[in-house]
There are 2 protein chains.
Amino acid sequence: MSSLAIENIGLLVTNDESLGEGPLGIVRDASLVFEDDRVAAVERGAAEADERFDAAGRCVIPGFVDSHTHLVFAGDRSEEFAARMAGKPYEAGGIRVTTEATRAAGEAELRTLAAARRAEGLRAGITHLEIKSGYGLDVDSERRLCEIASELTDDVTFLGAHAVPAEYDGRADEYVELVCGEMLAACAPLARWIDVFCERGAFDADQSRAVLEAGRTAGLGLRVHGNQLGPGPGVQLAVEMGAASVDHCTYLDDADVEALAESDTVATFLPATDFSTRQPYPDARRMIDAGGRFAIATNTNPGSSNTTSMSFCIALAVREMGMTIEEALLAATLGGARALRRDDVGHLAPGARADMVVINTQSYIDLVYRAGVPLIRAVLMGGTEAWTSDPSPRP
Amino acid sequence: MSSLAIENIGLLVTNDESLGEGPLGIVRDASLVFEDDRVAAVERGAAEADERFDAAGRCVIPGFVDSHTHLVFAGDRSEEFAARMAGKPYEAGGIRVTTEATRAAGEAELRTLAAARRAEGLRAGITHLEIKSGYGLDVDSERRLCEIASELTDDVTFLGAHAVPAEYDGRADEYVELVCGEMLAACAPLARWIDVFCERGAFDADQSRAVLEAGRTAGLGLRVHGNQLGPGPGVQLAVEMGAASVDHCTYLDDADVEALAESDTVATFLPATDFSTRQPYPDARRMIDAGGRFAIATNTNPGSSNTTSMSFCIALAVREMGMTIEEALLAATLGGARALRRDDVGHLAPGARADMVVINTQSYIDLVYRAGVPLIRAVLMGGTEAWTSDPSPRP
């Protein structure tokens, strides 16, 4: 067993109220002790260990937990994005464009692209993430995407029900049968979760329920994409079926807020998506005040949110969704962990995974106060240095 | 004389319509030839030179020209920012907080802080910038700030009329006399510009006019902070006096838009400021459609915009102010140059300064499409490599 002391932490966010001040469990002038890949202790002042890492007075937070990504895809949709910014509305149909490119790509190319995106997310401070399939939409392609995803995370989500592929036009129910049958059988062994895009233009409430029930029978946990492009049944369905998370939640009516507040289902907000699709931002404040659980995720994908920057998502959640900076930071760490029903990530209490981020400043406030500035200084995963920046200009 | 060829540029933005397609003057599969610190040629395909820099198919743009910054200050206002995000309104009076910290700081500390911010901006792709004084507000302190600024740029702006300092409470006219007299005499030799914050709570139209007239008499060019916190006389005054730029322009009425459209005065939008102060975003689209000149700048300062990220400003200008991506990129390069009345920066035509940025992707669209992701790969200033990123994760 090897131990590592993270010393001289000016401000440590543990996300554990029993360890420090407030909901972020803040400890000042702290040290963290890791043993192998786990947190062993949180100390005030110095600590003993085999090796040392000097945080130089900076702020340390738990690594970001990104509970909603679509990392495995090929193709580029920057022209579609530019057109949208110039006035064209977002439509879910763009998923087909990426599906075509993804099906045409070789497995090695997809693996390389996904790994590059994972590395980019790591540099942004993301130490754990969920990855969905959903740009294959046939049995072999979906299985291939799940395989590639499973090489990067143990939180793989089977999302065969992302869109009805072109070859099933007008036969959505038949496609749902394929998803619930042969496709699920091929993908379930590689996945922990099943997800469905419950939205006008994608799958209706009955189709979505069928997909979720089939997934549950196959032993998968439930997730839902819902209420992104307008009011809809996604939130209610997710709560009714006990889904771990319902994601987007851009349009929430009174009944949705009430249902979320009385459930364990996490409302996962995707601020960069509302930014990139010119949707109105949801009123997260209202849902939080009602007592609902909440998370923030990047939704990295080529159509509606091509970013890996959790800091950017946090800044938007604060500016546009009514979260305080503390709530947004919690949402991007512990919130993501809850949305994935994990207690080993998203906090830095003893026993948790030794996943942490050093911010190149004295407070997490700067993630919003200094929005746009790359502030991730170092990232440790499982107690090992995974990335450090070199911010000094060359001579 | 030494020459350098930037080869294998997938997409080159020259900002010169005579050199390529559209208003960005785009050339594909291009090379740039620098001789000493200047652009010597733009070539299609390969080029000859003493040395070579491989752009590896990436996009190259002119370096950002940041025409509005307040880099020289001490102290932190992150707590004030956090309170504002939680609902407290922004007030111009916060300038006094920074003035107190800046007056108390030693010259060496101020120089170190300013240089670190300049280096951060360089990493964000800013190759030329304007720097204002304005946190000294007494003769010696203002002169000291101008001196430090002049070590970092030849576009120094004397902004003694940033706020009425506490010791002149209720005696604003007396303070204006000091600004126009002894303070201007001390600062003018170090500055190219004079600026005034023409806003309720700062200086009224008559006071602002007096400051600008005194500056003009001292040989300085004119800039105005105006129409930030509400409708006001700033824009009209700037146009009437032939100022190079009027900055903020958050509140523009019909007469303001008309005046700007008929003048050479550049409307400089500061998107990160509206983000950070929770102001409504201005309708830049309307001003652009009316035919006005426009720029985007960071307004780096501790109170209302503590960012050096021009990419973040561009993304906000597109999402929130109605600019197309092309207009926003022009605004952050050529627009900034116009706001500083310079023709040597902001474009990459022969004769211009060899200031360029390599974006770590194939198109400038990604500055918005991939918002939040640090995409600045390399920065050359005056033909010399000033910074390159190493985006590879460590093993």
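Before reading on, note that the structure itself is shown above.
Residues numbered from 1 in each chain as written. Chains lettered and ligands numbered in written order. Predicted model: local features only at pLDDT ≥ 70, side-chain atom pairs only at ≥ 80, totals over all residues. Heavy atoms only, no water.

### With respect to the nonpolar core
Working step 1: One finds Y364 of chain A together with Y364 of chain B to be the most contacted residues of the largest nonpolar core, which totals 221 residues.
Working step 2: Core analysis: the next-biggest nonpolar cluster, separate from the first, contains 20 residues, V27, L32, F34 and A354 of chain A among them. (Core = buried A, V, L, I, M, F, W, Y, C linked by side-chain atoms within 4.5 Å. Buried < 20%, exposed > 50% of the residue type's maximum accessible area, 1.4 Å probe, protein only.)

### With respect to the layout of surface pockets
All names here are of chain A.
Working step 1: Computed from the structure, the second largest pocket encloses a volume of approximately 280 Å³.
Working step 2: As for the second largest pocket, its lining consists of 15 residues, of which P23, L330, L334, G335 and R338 are closest to the centre.
Working step 3: Contributions of two or more residues to the lining of the second largest pocket are made by α12 (325-331) and α13 (334-339).
Working step 4: In terms of residue count, α12 provides more of the lining of the second largest pocket than any other element does, four residues in total.
Working step 5: Here the lining of the second largest pocket is composed, by residue class, of six nonpolar, three polar and six charged. (1 Å grid on protein atoms, 1.4 Å probe; cavity = no way out; pocket = protein on both sides within 12 Å on 5 of 7 lines; lining within 4 Å. Points joined across faces, edges and corners; volume = space filled by probe spheres on them. Helix = DSSP H or I, 4+ residues; strand = E, 2+ residues; numbered from the N terminus. Nonpolar A, V, L, I, M, F, W, Y, C, P; charged D, E, K, R; others polar.)

### Some words on helix α1 (residues 78-85) of chain B
Working step 1: If you check which residues of α1 of chain B are buried, you get S78, F81, A82, R84 and M85 of chain B. Down the axis, α1 of chain B shows its buried residues gathered within 160° of arc, on one side only.
Working step 2: Buried residues along α1 of chain B sit in contact with α11 (310-321), α12 and α14 (366-369) of chain A together with α9 (271-277) of chain B.
Working step 3: Where α1 of chain B ends, the next residue or the one after it, G87 of chain B, has phi of about 130°, a positive value. (Arc of directions from axis to C-beta. Contact = heavy atoms within 4.5 Å.)

### Examining the relation of the copies chain A and chain B
Working step 1: When chain A is brought onto chain B, the operation consists of a screw motion whose angular component is 180° and whose axial shift is 0.0 Å, with 0.0 Å RMSD remaining. What the superposition gives is, in effect, a two-fold axis relating one chain to the other. Residue G372 of chain A, judged by its C-alpha, is the member of chain A lying nearest the rotation axis, at 3.0 Å.
Working step 2: When the interface residues of chain A are mapped onto chain B, 98% of them again lie at the interface, so the same face is used by both copies. (Least-squares fit on C-alpha atoms with pLDDT ≥ 70 in both.)

### Digging into the state of the cysteines
Residues and elements named next belong to chain A.
Working step 1: Considering all chains together, one arrives at zero disulfides over all chains under this definition.
Working step 2: Residue C59 stays outside any disulfide, its sulfur separated by 18 Å from that of C313, the closest cysteine.
Working step 3: Take C180: it sits in no disulfide, and the sulfur closest to it among the cysteines is that of C187, at 12 Å. (Disulfide = S-S within 2.5 Å.)

### Observations concerning the packing of helix α4 (residues 139-150) of chain B against helix α5 (residues 172-187) of chain B
Residue and element names in this part refer to chain B.
Working step 1: α5 packs onto α4 with a crossing angle of 40° between their chain directions and a minimal axis gap of 9 Å. As the angle between them shows, α4 and α5 are arranged oblique. In the crossing of α4 with α5, the sense of the turn from one axis to the other is right-handed. Contacts from V139, E142, R143 and C146 of α4 reach α5 at L178, E182, M183, A186 and C187.
Working step 2: Class assignment for the residues of the contact of α4 with α5 results in six nonpolar, no polar and three charged. (Axes fitted to C-alpha atoms, helices over the stretch in contact; angles between N-to-C directions. Parallel < 35°, antiparallel > 145°, perpendicular 65-115°, else oblique. Left-handed = near helix turned anticlockwise from the far one by under 90°.)

### Looking at the sheet that holds strand β10 (residues 221-226) of chain A
All names here are of chain A.
Working step 1: Pairing is parallel in the open sheet, where eight strands are placed in the order β6-β7-β8-β9-β10-β11-β12-β13. Each edge of the open sheet carries a strand with a single partner, namely β6 (64-66) and β13 (294-296). Strand after strand, the sheet turns through a mean of 25° between neighbouring axes, direction not considered.
Working step 2: In this sheet, β10 lies alongside strand β9 (residues 193-198) in parallel orientation, the contact comprising six bridges. Paired with C198 across the strands is G226, a residue of β10.
Working step 3: Helix α4 (residues 139-150) rests against β7 (126-132) and β8 (155-161) of the sheet, and its axis sits at about 165° to β8.
Working step 4: This element, α11, spans β6, β7, β12 (266-269) and β13 of the sheet and lies at about 85° to β6. (Pairing = 2+ DSSP bridges.)

### Some points on the packing of aromatic side chains
Working step 1: The final tally for this structure, using the stated rule, is eleven aromatic pairs over all chains.
Working step 2: With a centroid separation of 5.3 Å and 45° between ring planes, the pair formed by Y369 of chain A and F81 of chain B is classed as tilted. Taken together, the residues Y369 of chain A in helix α14 and F81 of chain B in helix α1 connect one chain to another.
Working step 3: Measuring from centroid to centroid gives 5.2 Å for F275 of chain B and F312 of chain B, while their planes differ by 80°, and the two rings are edge-to-face. Residue F275 of chain B is located in helix α9, and its partner F312 of chain B is located in helix α11 (residues 310-321); the two are separated by 37 residues in the primary sequence. F312 of chain B matches F275 of chain B in its accessibility class, with the two residues each being buried.
Working step 4: Through a chain of ring-to-ring contacts, the aromatic side chains of F275 and F312 of chain A together with F275 and F312 of chain B assemble into a single cluster.
Working step 5: A cation sits over an aromatic face here: R223 of chain A above W193 of chain A, 4.5 Å from the ring centre.
Working step 6: The ring of F275 of chain B carries R319 of chain A above its face, with NZ or CZ at 5.8 Å from the centroid. (Phe/Tyr/Trp six-rings, centres within 6.5 Å; stacked < 30°, edge-to-face > 60°. Lys NZ or Arg CZ within 6 Å of the ring centre and 35° of its normal.)

### Some points on the environment of I296 of chain B
All names here are of chain B.
Working step 1: If you trace the backbone, I296 turns up in strand β13 (residues 294-296).
Working step 2: Judged by relative accessible area, I296 falls into the buried class, the value being 0%.
Working step 3: If we ignore the near neighbours within four places in the chain, the residues touching I296 are V65, T268, F269, P271, M310, C313, I314, A317, M323, A328, A331 and A332.

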